[in-house]
Structure formats: structure tokens, C-alpha cells
Amino acid sequence: MAKMYYEKDCDITKIYGRKIAVIGYGSQGHAHALNLKDSGCDVCVGLREGSKNWKAAEDAGLTVKTVAEAAKWGDIIMILINDEVQAKVYKSEIAPNLEAGNALMFAHGFNIHFKQIVPPADVDVIMIAPKGPGHTVRSQYVNGKGVPMLICVEQNATGKAYDIGLAYAAGIGGARAGVMETTFQAETVTDLFGEQTVLCGGIVQLMKLAFETLVEAGYAPENAYFETIHEMKLIVDLINKGGIAMMNYSISDTAEYGEYVSGPRILPEKETKERMKAVLQDIQDGTFAGKWIAENNNGRTYFNRSRAILAQHPMETVGAELRKNMLWGDDVDPDTASN
């Protein structure tokens, strides 16, 4: 059973008196910085000069410095910029400013596990990984709650890495929900696998093919969108709250029967698991990481082309029109809304 930590186990005072530099002010960055500030921590945000987020961070009452200045100022440096740019920014802006005894922190293990970033031996290397998007980390904190998080320690140079990590988790609200201990390797592999086979790759492909099947059979694209895409959130919310059992309790018996007889027809167990194992192998042996690093080094041509094709798919264009007519159609983007 994985070890869990809660507020009683996390002493936030361990990071009081420490200077925390949050590198990045996107989805996770804004949540971490604001939550830490509201928890009474000494925090600044590190951004590149000319960043569009510079003013937003200052307007939120945060001190903003360049990445190099923030890294030099901070005792704890949390890197919350995109995976694909972390290594370059680390080598040019952060590494030259690290000092013995600093804590280098991450919210995902990609660059440490695949050795794109190799920190010096005299700094702590810690991960605090919220299991939710940044706007949820922020909104849950504001509401007195929290998002579950993972804690991993790759390097415990000071002997205090767990204390620092748990205190940080408390500072951003994770200790209210629970902080699970794991490793950089386990977090990286399982996170990438979950994204590719289910959460992003699997779900998007499944919805896309189901939408196309209905439309090709002559049904209105609007009907297809509602039945194969829109209702996905309703189902996932039920599972998130009470597992498959709550979802099955809440749907009709007809739908539950269809789950049993048709789910295995769409995703045959043997063939699907064989393909999933192949994806897992590519992640474990670094094949996927190598491809993603090469893709970024070569101008992201496949990535950009795939994104453009998806944006023009009827499920996206039909969905955009339908959402304009829904009650929440005028809602702001939760990641750019003011806090």
C-alpha cells in the first residue's frame, strides 16, 4: 500500500524563511505561486523577459523576476514550464545560479527520469505533482480544499528533502486531500502511459471514431457530438466521485448492459492489452521520449500538422458551434481567469 501524507504529517513551517522561485506562470505556475503566497510563503515568479504573463503575475500581487534572477534568489526552485523547454532553460538560466543546499523541484519527472536535466549532487531533487490541472489546484485551495498530489525524492542531498516537499505540498493545498509517496520513474512512466492510452490518446481516438461512425451512418453531427463527446464529462465525473459502481448506479440498466456486451467488442482484451504493452515498452525504454525530443528539435512538423488536422475535424467544429448555445458558453477559460 502506497504511503500517504496529510496535513498532520506536513509542517509548512519547514519552508517559512525559505525563498521559493516558481519558474513559469501558466496553468500550474499561477496556482502554485498564488497558493504559496496565500499560505504565507516568500515567493517570486521567474519568467522570460517580455513574457505575456509578466503583467498578470504582477497584477496578482506577485514579485516577478527573470528566470536567472529568480533562480539566483531562490532557495527552492520549482520548474513549471513545458517539458520540452525545461532542459534548455535549466542549462542556460537555472544551473549557473544553483547553490549547494538548494532544492530543485518539478511537477513531472520527464526531464529527470530521461536525464535531460542532471542536477549537481549537492542539491535536493523533489517532485510535487498535483493530480489535477492548475485551475483546479487554485480553485480547490481557495475553497478550503485541495487536489491529491504525489511526492517523489530523487536526491536527498540535505537530508531534509521530504520535509521540504511535504511542506511545499501543504503550501499549495495538497496535504488537505492527501499526498502519495512514489518515485520519479513510476510517476513519469505511469503518467505518460495514462495520457497516451486513456486520458488523451485513447479517449480522443475513441470519441473521434464513434462520432465518425454515427455521421457516416447518416445521423446528424450534432446528435453524434452529444452522444459520443458531450456526455463524456458526465460519465467521468461520476467515476471520479464514486468509481465505476457509482457510474453504473446512475445510468440506466440498458446502458450498463451495453457496457458489458459491447465494451469488449470495441476494445478486445487480448489485442488491446498487447498494444498497450507495446506503448508501455516504448515509454519505459525511452523510445517515446527520444521521439518527442527529436520532434521538438526538428521544428515540431508532425505535432503541428496533427494539431491543425484535429482542429478542422467535424467533431471540433460542430462542438464549437454547439457550445456557443449552451448555458456556459460565455464562461472564461479557467486557466486565464483572474484569481
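Above this text sits the structure in question.
Let me sum up the structure you'll find in this document. (Residues numbered from 1 in each chain as written. Predicted model: local features only at pLDDT ≥ 70, side-chain atom pairs only at ≥ 80, totals over all residues. Heavy atoms only, no water.)

**Considerations on the side chain of E256**
Link 1 in the chain: Secondary-structure assignment places E256 in helix α12 (residues 253-266).
Link 2 in the chain: Only 2.3 Å separates the side chain of E256 from the side chain of Y260, close enough to count as a polar contact.
Link 3 in the chain: Apart from the residues within four sequence positions on either side, E256 is in contact with N248 and I251. (Helix = DSSP H or I, 4+ residues; strand = E, 2+ residues; numbered from the N terminus. Polar contact = N/O pair within 3.5 Å; in protein donor to acceptor, adjacent residues only side chain to side chain. Contact = heavy atoms within 4.5 Å.)

**As for helix α11 (residues 232-250)**
Link 1 in the chain: With 19 residues, α11 extends only 14 Å from end C-alpha to end C-alpha; this falls clearly short of the ideal 27 Å at 1.5 Å per step.
Link 2 in the chain: Of all bends in α11, the biggest is about 130°, found at G242. (Expected span 1.5 Å × (residues − 1). Bend = angle between axes of the 7 residues up to and from the residue.)

**Section: the sheet that holds strand β8 (residues 149-155)**
Link 1 in the chain: Strand order across the open sheet formed by nine strands is β1-β9-β8-β7-β6-β5-β2-β3-β4, with mixed pairing between neighbours. Looking at which strands have only one partner, the edges of the open sheet turn out to be β1 (4-5) and β4 (63-66).
Link 2 in the chain: Both β8 and strand β9 (residues 179-181) contribute to a ladder of three bridges, which runs parallel. Within β9, the residue paired with L150 across the bridge is M180.
Link 3 in the chain: Packing against the sheet, helix α7 (residues 161-171) makes contact with β1, β2 (19-23), β5 (76-79), β6 (103-106), β7 (124-130), β8 and β9, and its axis sits at approximately 30° to β7. (Pairing = 2+ DSSP bridges. Axes fitted to C-alpha atoms, helices over the stretch in contact; angles between N-to-C directions.)

**Side note on the packing of aromatic side chains**
Link 1 in the chain: Considering all chains together, one arrives at four aromatic pairs under this definition.
Link 2 in the chain: Considering the side-chain rings of F106 and F184, the 6.4 Å spacing of their centres and the 80° angle between planes classify their relative orientation as edge-to-face. With F106 in strand β6 and F184 in helix α8 (residues 184-199), this residue pair connects regions lying 78 residues apart in the sequence. Note on accessibility: F106 and F184 belong to one class, buried. (Phe/Tyr/Trp six-rings, centres within 6.5 Å; stacked < 30°, edge-to-face > 60°. Buried < 20%, exposed > 50% of the residue type's maximum accessible area, 1.4 Å probe, protein only.)

**A short note on the side chain of H313**
Link 1 in the chain: Within the secondary structure, H313 is located in the loop between α15 (301-311) and α16 (314-324).
Link 2 in the chain: Residue H313 is classed as buried on the basis of its relative accessible area, which comes to 11%.
Link 3 in the chain: Side chain to side chain, H313 and E212 meet in a polar contact 2.7 Å long.
Link 4 in the chain: Engagement of the side chain of H313 in a polar contact is seen with the backbone nitrogen of M315, the distance being 3.0 Å.
Link 5 in the chain: The residues contacting H313, other than those within four sequence positions of it, are K208, F211 and E212.

**A few points about the nonpolar core**
Link 1 in the chain: Formed by 41 residues in total, the largest nonpolar core has its most connected members in I15, I20, V22, Y25, L36, I128 and Y168.
Link 2 in the chain: The set of elements that each furnish at least two residues to this core consists of β2, α1 (27-38), β3 (42-47), β5, β6, β7, β8 and α7.
Link 3 in the chain: For this core, the element with the highest residue contribution is α7, accounting for seven residues.
Link 4 in the chain: Setting aside residues up to four positions removed in sequence, Y25 forms contacts with H30, A33, L34, V45, L47, N53, A56, A57, A60 and L62. (Core = buried A, V, L, I, M, F, W, Y, C linked by side-chain atoms within 4.5 Å.)

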